[in-house]
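Breakdown of the fold
Listed below, chain by chain, are the residues.
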Amino acid sequence: MTPQAALDGIKVLDLSRVLAGPWCTQILADLGADVVKIERPGVGDDTRTWGPPFIKDADGNDTDQASYFTACNRNKRSVTVDMATPDGQALLRQMAAQADIVVENFKTGGLKQYGLDHESLRAANPRLIYCSVTGFGHDGPYAERAGYDLMIQAMTGMMSITGRPDDVPGGGPLRVGVALTDLFTGVYASTAILAALQVRERTGEGQHIDMALLDVGMAILANQASAFLNTGKPPGRQGNTHPSLAPYQDFPTQDGAMLLAIGNNGQFARFCEAGGHPEWATDARFATNTLRVKHRGVLIPMMEELTRTRTTAAWVTLLEDKAVPCGPINDIAQAFDDAQVKARGLAVTLPRDAGDGIASITGVASPLRLSATPPVLRHAPPALGQHTQEVLAEMGIDAARFEALRSAGVV
């Protein structure tokens, strides 16, 4: 028997597209919420065409559906509605009146013309939790601007601390390899929504959630922001090294490279003992983490000479039972081939029956491991409009009315 999911019975109207909003609603969907994703008829979410790479059909040929979309839209039902039409707006308002949560990522004020803004929908459904995701929030001089992850990474200083220093080969600002700000905004948004659900249990009232990529981008600077705010000195790029820990970086090996993440004196002493240099741990220059950071210019070359004497696998084998954090630097194919990744079941294939030749779609499992109410993977990422008639029928719209809406281009 399938256990009850944490958010069973919760209805989400998803008016978002691209990544931050859909990442939020996929989290809610994995936890059991019924998420209805609204898309433009004939077009859909922008990311459906963000390829290559594209999803392959059962014969191994590329389709016209980009893999990007599948990363953040599983467990959802796709409904196509033209919100620019009066009938489309009426359908969406009816859905919102029956929903617990609305998530949207239009520009500030962009949904007011359709009667789909927070105030309009709250009037009909005071219990509604309405989450808006924008680039810069609903107030301040940038409120009207569109926001994109890359822009936010640049504006917040994230790119100023990512990459190698300017004075070394390959130096200069870099973006993080995934849209980090979008993803964190989705996670923060889902957290805020769950908090609002709990408040609603006490008060019976919904509320508006104002999620801004800029706010999240500043928040996830974490210790780097704290360092600046409490010293007045902005940190810079330093590659794979850590501003406050040493040794905590990549090291060359006989056949490539490995990662050492030594976070305390005990770990450093055990590494030194295993590597045949116990005297390093008692050296006056290296006896504490603060001293190792101060003298990293001396310590790191000594360690690099040592790490080149063994293969990456040999170092991992040597250190894994000594509580010294050490590991390979994998590409993504190697990561999915890792024994622990396989043991945790982190690649999940879901069947798809949408009549488009795509038999299944593989994605990454939810990392939320709840013992009593685990995530339930019910649907593969949907084809465009796959569930339109199904969802409208649940709203009481019969076949004749549906056909009339379809003929008029509303759905």
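It should be emphasised that the depicted structure is a prediction, and the values quoted were computed from it without experimental measurement. (Residues numbered from 1 in each chain as written. Predicted model: local features only at pLDDT ≥ 70, side-chain atom pairs only at ≥ 80, totals over all residues. Heavy atoms only, no water.)

Turning next to the domain arrangement of the protein chain. Domain boundaries assigned for the protein chain yield domain 1 (11-220 + 340-408) and domain 2 (257-328). Computed over C-alpha atoms, the centres of domain 1 and domain 2 are 43 Å apart. (Domains from an automatic or database assignment.)

The next subject is the sheet that holds strand S1 (residues 11-15). The strand order S5-S2-S1-S6-S7-S8 describes an open sheet built from six strands, whose pairing is parallel. The open sheet has two free edges, formed respectively by strand S5 (76-80) and strand S8 (208-212), since each of these has just one partner strand. When the angles between neighbouring strand axes are averaged without regard to direction, this sheet yields 20°. (Pairing = 2+ DSSP bridges. Helix = DSSP H or I, 4+ residues; strand = E, 2+ residues; numbered from the N terminus. Axes fitted to C-alpha atoms, helices over the stretch in contact; angles between N-to-C directions.)

This part takes up the pattern of salt bridges. By the definition in use, this model includes 19 salt bridges. Residues arginine 48 and glutamate 39 are paired through a salt bridge, measuring 2.8 Å at the closest nitrogen-oxygen approach. A salt bridge links arginine 285 to aspartate 283; the nearest nitrogen and oxygen atoms lie 2.9 Å apart. Residue classification places arginine 285 among the partly exposed residues on the basis of a relative accessible area of 33%. Where salt bridges share partners, they join Asp34, Arg77, Glu390 and Glu394 into one cluster. (Salt bridge = Lys/Arg side-chain N within 4 Å of Asp/Glu carboxyl O. Buried < 20%, exposed > 50% of the residue type's maximum accessible area, 1.4 Å probe, protein only.)

Further remarks concern the sheet that holds strand S10 (residues 256-261). Pairing is antiparallel across the open sheet formed by three strands, whose spatial order is S9-S10-S11. Of all the strands in the sheet, just strand S9 (248-253) and strand S11 (326-328) have a single pairing partner and so form its edges. Here the average twist between neighbouring strands, direction ignored, is 30°. Two elements, S10 and S11, share three bridges in a ladder whose sense is antiparallel. Considered in S11, the bridge of leucine 259 is made with glycine 327. Sheet contacts for helix H12 (residues 312-319): S9, S10 and S11; angle to S11, the most-contacted strand, approximately 150°. (Contact = heavy atoms within 4.5 Å.)

In this structure, threonine 362 sits in strand S13 (residues 360-364). Along the sequence, threonine 362 and phenylalanine 286 sit 76 residues apart, while their C-alpha atoms lie 47 Å from each other. Threonine 362 has contacts with Ala347, Val348 and Thr349, leaving out every residue within four places of it along the chain. For threonine 362, the side chain forms a polar contact with the side chain of threonine 349, separated by 2.7 Å. (Polar contact = N/O pair within 3.5 Å; in protein donor to acceptor, adjacent residues only side chain to side chain.)

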